Amino acid sequence: MVTIRLSRGGSKKNPFYQIVVADIRAKRDGRYIERLGFFNPLAKGGDVELRVDRQRAQYWVERGAQPTDRVKQLLKQAAREESATAVAA
């Protein structure tokens, strides 16, 4: 089974997460199939907090990949931000 989940990076007390597609048996920060984007919860100023390739995420979901609860929230947030920038433009 394949899952879409967060893989932690960064240093102590400074988390940075990759959004990855991985086999459910792989370790949290281990081997993955594809990287879909990133999430930086401590983004400040001009830093980008969230970047996701939504087309590739949709591709994997259509083929049975199960996103975790947090990744579902992030995908919804990315969709809202994308629609807000499209309306503003």
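Residues numbered from 1 in each chain as written. Predicted model: local features only at pLDDT ≥ 70, side-chain atom pairs only at ≥ 80, totals over all residues. Heavy atoms only, no water.

(A) Highlighting the packing of aromatic side chains. Counted by the stated rule, this structure contains three aromatic pairs. Seen from their ring centres, Tyr17 and Phe39 are 6.2 Å apart, and the 20 degrees between their planes marks the pair as stacked. Here Tyr17 is found in strand β2 (residues 14–23), whereas its partner Phe39 is found in strand β3 (residues 34–39), with 22 residues between them in sequence. Given the relative accessible area of 5%, Phe39 is considered buried. Between Tyr59 and Trp60, the aromatic rings sit 5.5 Å apart at their centres with planes inclined by 85 degrees, giving edge-to-face as the arrangement. In this structure Tyr59 comes out as partly exposed when scored by relative accessible area, which is 31%. Over the aromatic face of Tyr59 sits the side chain of Arg56, whose NZ or CZ is 4.3 Å from the ring centroid. (Phe/Tyr/Trp six-rings, centres within 6.5 Å; stacked < 30°, edge-to-face > 60°. Helix = DSSP H or I, 4+ residues; strand = E, 2+ residues; numbered from the N terminus. Buried < 20%, exposed > 50% of the residue type's maximum accessible area, 1.4 Å probe, protein only. Lys NZ or Arg CZ within 6 Å of the ring centre and 35° of its normal.)

(B) Representation of the side chain of Arg5 in the model. Checked against the element boundaries, Arg5 lands in strand β1 (residues 2–11). Within polar-contact distance, the side chain of Arg5 engages the backbone oxygen of Ala26 at 2.9 Å. Every residue in contact with Arg5, bar those within four places of it in the chain, is listed here: Gln18, Ile19, Val20, Ala22, Asp23, Ile24, Ala26, Lys27, Arg28, Thr68 and Val71. (Polar contact = N/O pair within 3.5 Å; in protein donor to acceptor, adjacent residues only side chain to side chain. Contact = heavy atoms within 4.5 Å.)

(C) Layout of the side chain of Thr3. Relative to the helices and strands, Thr3 resides in strand β1. At 2.7 Å, the side chain of Thr3 forms a polar contact with the backbone oxygen of Gln66. Once you skip the residues sitting within four places of it in the chain, Thr3 turns out to touch Val20, Val21, Ala22, Ile24, Gln66 and Thr68.

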